[in-house]
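# Descriptive structure summary
One-letter residues, chain by chain:
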Amino acid sequence: GLFCVLFNKRSGSTLLCDSLYRRGLPIPPQVEILDPTLIEQVVREHKIPSFTDYFLSTILGWTRSGMVGFKAGASQLLWLEERAYLSCFSSLRLLAMRRRDKVAQAVSLYLAQQSGHWHSGMQPARPPADVPYDARKIQLALNTVSAMDCAIDDFANARGLPLLALEYEDLLARPQNLLSECCEFLDWRE
């Protein structure tokens, strides 16, 4: 079966993937396997002839106990579905990371967009402290956050897929509880 951590920008999905990986689940940490830049780099470097070969080798490389997971956006899953990649799996379960504080998420997105500082392992192109306040761009970021949350819900609801909605704040406050809830939802016993 396949499980996907559906991400919204600045939602904490990378932290969730890392935490699930450390818990033993078969999901790549710190990697978005459907990132076009990564795909292009891997395909070129390893002379992989097609996206299908890339996708299968990536999936087969992470599969354990008949299960594999990866981080994806709702639009990426829709693209995979339209090309019948998702039909290769016996089941699909979705984990969705959200933040209760949408304004903080939007501000975080705006700062990342302006500074180029998307995660702690990345050097910012410009210090986030030097980014000027811009209410219009923060509102646009908030609109993006809302649209991505809706896309996740629409994808799951239209297909009747199991969706576990998780909150970033809970991952920070009670990580073991939240990870246990994920394992139960995914029926992961290892």
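Higher on the page you've got the structure.
So, here's what we can say about the structure.

Parameters at a glance
Residues numbered from 1 in each chain as written. Predicted model: local features only at pLDDT ≥ 70, side-chain atom pairs only at ≥ 80, totals over all residues. Heavy atoms only, no water. Helix = DSSP H or I, 4+ residues; strand = E, 2+ residues; numbered from the N terminus. Rg over C-alpha atoms; globule rule 2.2 N^0.38 Å. Buried < 20%, exposed > 50% of the residue type's maximum accessible area, 1.4 Å probe, protein only. Contact = heavy atoms within 4.5 Å. Areas by Shrake-Rupley, 256 points an atom, 1.4 Å probe, with all protein chains shown as cover. Lys, Arg positive; Asp, Glu negative; His and termini not counted. Charge placed at Lys NZ, Arg CZ, Asp CG, Glu CD. Pairing = 2+ DSSP bridges. Phe/Tyr/Trp six-rings, centres within 6.5 Å; stacked < 30°, edge-to-face > 60°. Axes fitted to C-alpha atoms, helices over the stretch in contact; angles between N-to-C directions. Parallel < 35°, antiparallel > 145°, perpendicular 65-115°, else oblique. Nonpolar A, V, L, I, M, F, W, Y, C, P; charged D, E, K, R; others polar. Core = buried A, V, L, I, M, F, W, Y, C linked by side-chain atoms within 4.5 Å.

## Comments concerning the overall build of the chain
- Each helix and strand in the chain was counted, giving eight helices and four strands.
- The helix and strand sequence of the chain, counted from the amino end, reads β-α-α-α-β-α-β-α-α-β-α-α.
- The C-alpha atoms of the chain give a radius of gyration of 17 Å, which matches the 16 Å a tight globule of 190 residues would have.
- Expressed as lengths along the three principal axes of its C-alpha atoms, the size of the chain is roughly 45 × 40 × 30 Å.
- By residue count, 40% of the 190 residues in the chain fall in the buried class.
- Taking as baseline every contact in the chain between residues at least 6 positions apart, the subset at least 24 positions apart corresponds to 72%.
- Put simply, the chain shows about 10,100 Å² of open surface, and 54% of that area lies on carbon and sulfur atoms.
- The average position of the 20 basic charges and that of the 21 acidic charges among the side chains of the chain differ by 3 Å.

## Quick word on the pairing of strand β1 (residues 2-6)
- Of all five residues in β1, five are buried; the element is thus mostly enclosed.
- Neither face of β1 is open: one carries L2, C4 and L6, the other F3 and V5, and all of them are buried.
- Where β1 lies against strand β2 (residues 68-72), five bridges are found, and the strand directions are parallel. Residue L6 lies in a different strand from β2, and its bridge partner there is A72.
- With five bridges joining them, β1 and strand β3 (residues 92-98) adopt parallel strand pairing. Looking at β3, one finds that C4 is bridged to L94.

## A look at the packing of aromatic side chains
- Scanning the entire structure with this criterion turns up nine aromatic pairs.
- Note on F51 and W79: the rings are 5.2 Å apart at their centroids and 85° apart in plane angle, and the pair reads as edge-to-face. Linking F51 in helix α3 (residues 51-62) with W79 in helix α4 (residues 74-82), this pair joins segments that are 28 residues apart in sequence.
- Between W79 and Y85 the ring centres are 6.3 Å apart and the planes differ by 15°, which places this aromatic pair in the stacked class.

## Some thoughts on the packing of helix α1 (residues 13-22) against helix α8 (residues 175-186)
- The contact between α1 and α8 brings their axes to 11 Å, and the two run at 75°. In terms of axis orientation, α1 runs roughly perpendicular to α8. Along the contact surface, α1 presents L16, S19 and L20, while α8 presents L178, L179 and C182.
- For the contact of α1 with α8, a count of residues per class yields five nonpolar, one polar and no charged.

## Details of the sheet that holds strand β4 (residues 163-167)
- With respect to topology, four strands assemble into an open sheet ordered β2-β1-β3-β4, the strand pairing being parallel. In the strand order of this sheet, the two ends are held by β2 and β4, each with one partner. The sheet shows a mean angle of 20° between the axes of neighbouring strands, direction not considered.
- Relative to β4, β3 runs parallel, the two sharing five bridges. By the bridge assignment for β4, L95 is matched with L164.

## Section: the nonpolar core
- F55, F70, L77 and L80 are the most contacted members of the largest nonpolar core, which has 26 residues in total.
- Listed by contribution, the elements that provide at least two residues to this core are β1, α3, β2, α4, β3 and α6 (135-159).
- Broken down by element, this core gets its largest block of residues, four residues, from α3.
- With residues near it in sequence (within four places) discarded, F55 still touches I33, L34, F70, L80, Y85 and F89.
- In this structure, C17, L95, L166 and L186 belong to the second largest nonpolar core, which totals 20 residues.

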